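If you want the building blocks of each chain, they are given just below.
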Amino acid sequence: MSVAVLRFDVISIFPAMFDAIAAHGITARALERGLWQLQRWNPRDFTNDAYRSIDDRPYGGGPGMVMLAQPLADAIAAARAQQEAMPAARRLPVLHLSPRGRPFDHERLLSLVEGGGATLIASRYEAVDQRLLDTCVDEEVSVGDFVVSGGELPAMMMIDAAVRLVPGALNDDRSATEESFATGLLDCPQYTSPERYRDLPVPEVLLSGHHARIARWRRERALEITWQRRPELLQAARAAGRLSPVDERFLADIGAHERD
Ligand SMILES: C[S@@+](CC[C@H](N)C(=O)[O-])C[C@H]1O[C@@H](n2cnc3c(N)ncnc32)[C@H](O)[C@@H]1O
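Residues numbered from 1 in each chain as written. Predicted model: local features only at pLDDT ≥ 70, side-chain atom pairs only at ≥ 80, totals over all residues. Heavy atoms only, no water.

Draft legend 1. Structural view of the sheet that holds strand β7 (residues 127-128). Taken in spatial order, the three strands make up an open sheet running β3-β4-β7, and their pairing is mixed. Where the open sheet ends on each side, the last strands, each with one partner, are β3 (55-56) and β7. Note: strand β4 (residues 66-67) against β7, two bridges, orientation parallel. Pairing of M67 across the sheet is with V128, part of β7. (Pairing = 2+ DSSP bridges. Helix = DSSP H or I, 4+ residues; strand = E, 2+ residues; numbered from the N terminus.)

So, in structure tokens, the structure goes:
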């Protein structure tokens, strides 16, 4: 039986933008090594008129243009047909990147990777015809409470985050499990050479070679920074049983229990 490789089908009128992840860095190296697959679909290739129109004015008036349902629906169908023809056939979820969508976070990222990827619609302009969303899209996903000009950058953020979790994509797979959010906490500070920079020394414990003390110091800094910046993550980590009695004692010592 073939094992399904993480796969993303992206639907965008600017497919070349995805060179940013296909030709550079960790994602490019992983793509070259077959650790994930990328397929680009341009809705303009699925238009029926001489102008290759993919948008029109909104019914009811108002600013901006609205993307037509039909070219997007046909692009989704083409992506699906190719997914189903693969040796490890599957039906990937169809996600529309949108500021109106459910916030994308670490939990959602894990389920995306476990599900083997997605078809991502990176739209442009004012909106997409609601009937396309109602009939062809499983979920709308947002990368934050702000608006960018198109779904390409949000889609690339999601894909990059997903590829990092594929075993072998990073030089050291521990990087992905020790990072912010993966542990339930924000990451601890890191230092490199020189030992003194602008009169600021590297914390002495990191030079000690004492692995247990270094691990404890890092854990405490992660607890502290999470409490200061994202106290709700600390509460979630506690509710999930991810804080040890030693962690709780440290948090009590720094006064975190009074505020969170
Ligand atoms: C200019 S925006 C449209 C914004 C839309 N009129 C609204 O107010 O919700 C064009 C496209 O960029 C993408 N986009 C913009 N901000 C986004 C965000 N925060 N998360 C995900 N996609 C976003 C979406 O694909 C969106 O359809």
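Draft legend 2. Looking closely at the sheet that holds strand β1 (residues 6-11). Across the sheet, five strands lie side by side as β2-β1-β6-β5-β8; this open sheet has parallel pairing. Because the sheet does not close on itself, it has two edges, and the strands there are β2 (36-41) and β8 (139-142). Direction aside, neighbouring strands of the sheet carry axes that sit 35° apart on average. Relative to strand β6 (residues 117-121), β1 runs parallel, the two being bridged by five bridges. Residue pairing for β6: R7 is matched across the bridge by G117. (Axes fitted to C-alpha atoms, helices over the stretch in contact; angles between N-to-C directions.)

Draft legend 3. Structural context of the nonpolar core. The biggest cluster of nonpolar side chains holds 24 residues, and the ones touching the most others in it are F8, F18, W36, L38, L120 and I159. Among the secondary structure elements, those contributing two or more residues to this core are β1, α1 (19-22), β2, β5 (94-103), α4 (106-114), β6 and α6 (152-164). Of the residues forming this core, the biggest block, six residues, is contributed by α6. Contacts of L120, omitting those with residues within four sequence positions, involve F8, D9, V10, I11, L95, L97, A155, M158 and I159. Counting residues in each nonpolar core, the second largest holds 16 residues, with I13, M67, V94 and L133 among its members. (Core = buried A, V, L, I, M, F, W, Y, C linked by side-chain atoms within 4.5 Å. Buried < 20%, exposed > 50% of the residue type's maximum accessible area, 1.4 Å probe, protein only. Contact = heavy atoms within 4.5 Å.)

Draft legend 4. Fine view of the packing of aromatic side chains. Scanning the entire structure with this criterion turns up two aromatic pairs. For the ring pair F8 and W36, a centre distance of 6.5 Å and an interplane angle of 70° mean the geometry is edge-to-face. Within this pair, whereas F8 is found in strand β1, its partner W36 is found in strand β2, the two being separated by 28 residues in sequence. The exposure class assigned to W36 is buried, which follows from its relative accessible area of 1%. Ring centres 6.4 Å apart and planes at 50° place the aromatic pair W41 and F46 in the tilted group. For W41, a relative accessible area of 13% puts it in the buried group. (Phe/Tyr/Trp six-rings, centres within 6.5 Å; stacked < 30°, edge-to-face > 60°.)

Draft legend 5. Spatial organisation of the domain arrangement of the chain. You can read the domains of the chain as domain 1 (6-164) and domain 2 (196-259). For domain 1 versus domain 2, the separation of C-alpha centres amounts to 38 Å. (Domains from an automatic or database assignment.)

Draft legend 6. How the structure looks around the site of the ligand. Around the ligand, a shell composed of 19 residues is seen, among which L97, S123, E126, G144 and F146 lie nearest. A distance of 2.6 Å is found between an oxygen atom of the ligand and a backbone nitrogen or oxygen belonging to L97. In this structure, a nitrogen atom belonging to the ligand sits 3.1 Å away from a main-chain N or O atom of V143. Of all the secondary-structure elements, those providing two or more residues to the shell around the ligand are β5 and β8. (Near = heavy atom within 4 Å. Polar contact = N/O pair within 3.5 Å; in protein donor to acceptor, adjacent residues only side chain to side chain.)

Draft legend 7. Looking closely at helix α3 (residues 69-85). With 17 residues, α3 ought to run about 24 Å at 1.5 Å a step, and its terminal C-alpha atoms sit 24 Å apart, in line with that. Along α3, the residues classified as buried are P71, L72, A75, I76, A79 and Q83. Relative to the axis of α3, the buried residues are bounded by an arc of 135° and lie together on one face. (Expected span 1.5 Å × (residues − 1). Arc of directions from axis to C-beta.)

Draft legend 8. Representation of the pattern of salt bridges. Scanning the model with the defined rule gives 19 salt bridges in all. Its salt-bridge partner being D138, residue R91 comes within 3.3 Å of it at the nearest N-O pair. Within this pair, whereas R91 is found in the loop between α3 and β5, its partner D138 is found in the loop between α5 (130-136) and β8, the two being separated by 47 residues in sequence. A residue is classified by how much of its surface remains accessible, and D138, at 44% relative accessible area, is partly exposed. Put simply, E232 and R230 hold a salt bridge, and the shortest N to O gap is 2.6 Å. Its relative accessible area of 39% is what places E232 among the partly exposed residues. The partly exposed category is assigned to R230, whose relative accessible area is 32%. Put simply, R216, R219, E220 and D247 are held in one network by salt bridges that share partners. (Salt bridge = Lys/Arg side-chain N within 4 Å of Asp/Glu carboxyl O.)

Draft legend 9. Structural detail: the side chain of E139. Secondary-structure assignment places E139 in strand β8. Judged by its relative accessible area of 19%, E139 is buried. A distance of 3.1 Å separates polar atoms of two side chains, one belonging to E139 and the other to R102. Excluding residues that lie within four positions of it along the chain, E139 makes contacts with V94, L95, H96, R102 and R108.

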